[in-house]
Amino acid sequence: MSLDHIVSVTIGGLTVGMIYALIALGYTMVYGVLKFINFAHGEVFTIGGYVAAFTLLGLGVNDDMSPLVLAGCVVLALLAAVLVPMAIGFLIERIAYRPLRGRSRIIPLLSAIGVSIVMQQLIILVFGPAPVSMPSLAVGSASFVVFGIRIRVLALVIIAVSSALMLGLTYLVKSTRIGKAMRATSQDMEAAEMMGIDTNKTIAFTFVVGSALAGIGGFLVVMYYGSLKYDAGFLYGLKAFTSAVLGGIGNIPGAVVGAIVLGMTETYGVSLDLGFMAWFVVAGLILGLYVQMVRVPRRRLQHIADDRRTPAYEKSITDVYRLTPYYGFKTLLAERTDALLSVSAAHAVRLMFGNLFLAVVAAVMFANASVRIDTRWQPVIAFVVLMVILMFRPSGILGEAITEKV
Amino acid sequence: MAAMTERISSVLARVPRGVYMALAVVLAAGFPLLNVIGVVETAWLRVGVMSLLFVMLALGLNIVMGETGLLNLGYIAFFAFGAYTTALLSSPKFELRWPFLAVVVVSTLIAMLAGFVIGLPTLRLRGDYLAIVTLAFGEIVRLTIINLQGFTNGPNGITGIYSPLLAGGSEVKTGLAAWLTVDKPIEYYYLVLVAVVVVSILLANLKNSRVGRAWNALREDELAAISSGITASRAKMLSVVLSAGIAGFAGSLYAYYSNVISPESFLFMQSVIVVCMVVLGGMGSIPGVVVGAIVLQALPQVIRQAAGAARSDFEVYRMLIFGVLIVVMVIFRPEGLLPDKLWRRESHEVDPRELEKTRQSLFDLEEGEKDLEV
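Residues numbered from 1 in each chain as written. Chains lettered and ligands numbered in written order. Predicted model: local features only at pLDDT ≥ 70, side-chain atom pairs only at ≥ 80, totals over all residues. Heavy atoms only, no water.

Trainee: Would you mind showing me how to read the overall build of chain A here?
Mentor: Secondary structure summary: chain A contains 16 helices and six strands in total. Taking all 406 residues of chain A together, 50% fall into the buried category. Considering only contacts in chain A between residues 6 or more positions apart, those separated by 24 or more positions represent 76%. Split by element, the accessible area of chain A, about 18600 Å² in all, is 68% carbon and sulfur. (Helix = DSSP H or I, 4+ residues; strand = E, 2+ residues; numbered from the N terminus. Buried < 20%, exposed > 50% of the residue type's maximum accessible area, 1.4 Å probe, protein only. Contact = heavy atoms within 4.5 Å. Areas by Shrake-Rupley, 256 points an atom, 1.4 Å probe, with all protein chains shown as cover.)

Trainee: Would you explain a nonpolar patch on the surface in this entry?
Mentor: All names here are of chain A. On the surface, a nonpolar cluster with roughly 560 Å² of combined accessible area is contributed by Phe144, Val146, Phe147, Val153, Leu156, Val157 and Val161. Where the nonpolar patch is concerned, the elements lending two or more residues are strand E2 (143-146) and helix H6 (153-175). Here the nonpolar patch gets four residues from one element, more than from any other, and that element is H6. Looking at where leucine 156 falls in the secondary structure, it is placed in helix H6. Take leucine 156: its relative accessible area is 37%, and that puts it in the partly exposed class. (Patch = residues over 30% accessible without salt bridge, like charges linked within 9 Å, V, L, I, M, F, W, Y side chains within 5 Å. Salt bridge = Lys/Arg side-chain N within 4 Å of Asp/Glu carboxyl O.)

Trainee: What am I meant to see in the pattern of salt bridges here?
Mentor: Any two side chains of opposite charge can pair if their charged atoms end up close together. All names here are of chain B. With the rule as written, the count across this model stands at eight salt bridges over all chains. Between arginine 219 and glutamate 220 there is a salt bridge, and its shortest N-O distance comes to 2.7 Å. Arginine 219 sits in the buried class, given a relative accessible area of 11%. Note that glutamate 222 is salt-bridged to lysine 236, the shortest N-O span being 3.2 Å.

Trainee: Please clarify how the interface of chain A and chain B should be interpreted in this entry.
Mentor: When the parts come together, some accessible area is lost, and that loss is often what is quoted as the size of the interface. Taken together, the contacts link 44 residues of chain A with 44 residues of chain B. Buried area between chain A and chain B, both sides added, is near 3900 Å², and the carbon and sulfur share of it is 79%. By the criterion of area lost to chain B, the three top residues of chain A are Ile106, Leu110 and Met387 of chain A, representing 15% of everything that side buries. The tally of links between chain A and chain B comes to zero salt bridges. Counting across the interface, chain A meets chain B through one residue pair in polar contact (both at pLDDT 80 or more). Broken down by secondary-structure element, the contributors of at least two residues to the side of chain A that touches chain B are helix H3 (67-97), helix H4 (106-127), helix H10 (232-247) and helix H16 (378-392) of chain A. (Buried area = accessible area lost by both parts, 1.4 Å probe. Polar contact = N/O pair within 3.5 Å; in protein donor to acceptor, adjacent residues only side chain to side chain.)

Trainee: Before we go on, may I ask you to explain the packing of helix H3 (residues 42-67) of chain B against helix H13 (residues 268-281) of chain B in this structure?
Mentor: For any two helices packed against each other, the geometry comes down to the angle between their axes and how far apart the axes lie. Residues and elements named next belong to chain B. Running from N to C, H3 and H13 point in directions that differ by 75 degrees, and their axes come no closer than 9 Å. Here H13 runs roughly perpendicular to H3, going by the angle between their axes. In this structure, H3 uses Phe54, Leu57, Ala58, Leu61, Asn62 and Met65 to contact H13, whose residues at the interface are Gln270, Val274, Val275, Met277, Val278 and Val279. (Axes fitted to C-alpha atoms, helices over the stretch in contact; angles between N-to-C directions. Parallel < 35°, antiparallel > 145°, perpendicular 65-115°, else oblique.)

Trainee: Would you explain a positive patch on the surface in this entry?
Mentor: Residues and elements named next belong to chain A. A cluster of basic residues, Lys174, Arg177, Lys180 and Arg183, forms a positive patch on the protein surface. Among the elements that line the positive patch, the one with the most residues is helix H7 (residues 177-187), at three residues. Position of lysine 174 relative to the elements: it lies in helix H6. (Lys, Arg positive; Asp, Glu negative; His and termini not counted. Charge placed at Lys NZ, Arg CZ, Asp CG, Glu CD.)

Trainee: Can you help me understand the pairing of strand E3 (residues 149-152) of chain A in this one?
Mentor: Moving residue by residue along a regular strand, the side chains alternate between the two faces of the sheet. Residue and element names in this part refer to chain A. Of the two faces of E3, the one lined by Ile149 and Ile151 is fully buried and the one lined by Arg150 and Arg152 carries no buried residue. One ladder, built from four bridges, connects E2 with E3; its direction is antiparallel. In the sheet register, phenylalanine 144 faces E3, and the bridge partner there is isoleucine 151. What sits between the antiparallel neighbours E2 and E3 is a turn of two residues, in which phenylalanine 147 has the positive phi angle 50 degrees. (Pairing = 2+ DSSP bridges.)

Trainee: What should I look at first to understand the side chain of serine 116 of chain A in this one?
Mentor: Topologically, serine 116 of chain A is positioned in helix H4. Ignoring anything within four residues of it in the chain, the contact list for serine 116 of chain A reads Phe39, Ala40 and Glu43 of chain A.

Trainee: Can you walk me through helix H6 (residues 127-147) of chain B in this structure?
Mentor: For the α-helix, the turn length of 3.6 residues means that residues three or four positions removed from each other point alike. The end-to-end C-alpha separation of H6 of chain B is 30 Å, in line with the 30 Å expected for 21 residues at 1.5 Å each. The element H6 of chain B is largely enclosed, with a buried count of 19 among its 21 residues. (Expected span 1.5 Å × (residues − 1).)

Trainee: What is the right way to read H16 of chain A from this model?
Mentor: Between its terminal C-alpha atoms H16 of chain A stretches 22 Å, which fits the 21 Å expected from 15 residues at 1.5 Å a residue. Of all the residues in H16 of chain A, the buried ones are Val380, Ile381, Ala382, Phe383, Val385, Leu386, Met387, Ile389, Leu390 and Met391 of chain A. Of the surrounding elements, those touching the buried residues of H16 of chain A are H10 and helix H11 (252-271) of chain A together with helix H5 (100-122) and H6 of chain B.

Trainee: Just checking my understanding: could you explain the confidence of the model for chain B for this structure?
Mentor: Detailed conclusions should not be drawn from predicted coordinates in areas where pLDDT is low. All names here are of chain B. Chain-level statistics for chain B give a pLDDT mean of 82 and a share of 85% at 70 or above. Between the elements of chain B, mean pLDDT differs from a low of 50, seen in helix H17 (residues 352-373), to a high of 94, seen in helix H4 (residues 76-89). In this model, residues 365-374 is a region of pLDDT below 50 whose contacts with residues beyond four sequence positions or in other chains number zero contacts. (pLDDT = per-residue confidence, 0-100.)

This is the structure we're talking about:
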């Protein structure tokens, strides 16, 4: 386990995470505004990659071209990879989602699945079933060495471009007129309309921006990996969605955080020893225990009227969260419940078992410290992360954006 | 013209439902006879068996999706559980040959157990999140099947699954035992048909029972249902476990029928196809779902035969049409081809004429009151 290895794996994870983030932003923005999972977003990403690759192939780029012409071609490809997905995102919203607005949740999701299938088949019909391959350019594989670590230029470009785009998006949402409209629409569509906001236009704009980001993501992926398959969007889309949920869906910084965490988990998961990763589990366990035993009781007690806050009462609340097996079983036996605090014996026991589970996992990982997980299992990691996060903390790392408005 | 159609439909509506059902069963049971007298090829019998298996899957998915209103996008995973259990218990892989009934029961139970395990932590999630979790579950199952090569042979799948013996014993004997071995398409057809009929009768009765009403209530308004005393978690769990069991049952029959199973048969797209069948037929409507499954499974084969299209191209167009179909159905006819009564009422906006009538009568009432005052 050399430091070089860890650093280069970290850069790889960051790069992948940034690409997930670009796609995840589209999911999270649409979710924020419409409370709806745009299942077809992954296909928009694929189309971005395909259009970019075919533009470059069509222009016949090669390394003999002068750098200026080459740069021009790349910019053209980028433009195509932005504009075509934008148009498609706009059309999808108009045709398949707008007529369904206000229906129960699963109906638009079904429509989105239909759109996703249609787009996948259209990609096959238009571009053929074979994966598209980029012309191999020297720029694409260029790399340099710092402190004995080889770094691909393109990885740094991806990290820089994505960061810039995310900053731009934050500015757009936080400080512009249309961003304000987006936030208002997301908060309460009806009220926003009464304030004179054209919500239809705002929603269309959200789709267009999200699709443009996904298109850029597709462009970067096809540059980085050199090829893209017609069904790549499914997996990328799901991973991006996982990132969005992981960070707290509807929350823009959350999507970025979630994407980086997921990218890192995936890359670390299959390229580092279990012994190294076990420390992350230990850190998570300690953080979790701190939150459960100190932060949560403190926050919950703040909501209690002063006359009820006797020391005995406070102790009873704190005890529920003191999740040693002893207290866990004690609360279980006492069946102590407090609806106002939403503290229940069952909850305490659940947390206790969660902690025990993490401890066992860490112990098993330390016991097999030198083992690495086979790369074959990499796609499973994202799905497991998705299931675990939805089971235990559906609101994600940042924020509680999924609480329902009544 | 319009009056005529109305008359016909009113006459059709007066025919008791049992007549239609009996007619459907007779038609389905008579279909293989066309093969026996040599009108249709045996290939069509195979299409028939697959259609019936998908009918069963669609009926199972309909419980969660149509009756309880929970979208399951990883439904094919339960099918895989059933199929792989059967393959492991009745193939040269582990040198096992359990009796048919035992295998089917165990496969069903394993799939139900999988449903229970996945339902336990996820059922409290809201609809769309549940859909994505089940999708992830389906993919995890498929990828795990591919990766656990010692157990499942990975991507190669398990081959040489034995034919079911309806009467015990582990060797194919002569006489009655040989006669009771299911190994010809026509025999599989009737085996699956009996299973489908039994399952659909069971589900039709369940739908009109206390449990079925609880499911529908949860679908319409969870809060109201809970307030009227329905234990949401129990009812939802029952529907998930039951639908998983039906998928496991179908998967077991599928493994027997096809002799070979591989992870290729349990792709996400398969789950979507089953969803598509339920949407097309009409969520919550048993006859609708049956029709939807038959149309979507058999019709493409008929078209393929007629067009003689190349295989790869054909798949693309088939999926394209499925996708368009889903979108068009949910936008224009969300209640499906043969809708369930409740869904029709729910899924459409209020009919403007109806609204006008209501308003008129309210208006009349006001007028009347005014008259009284004067």
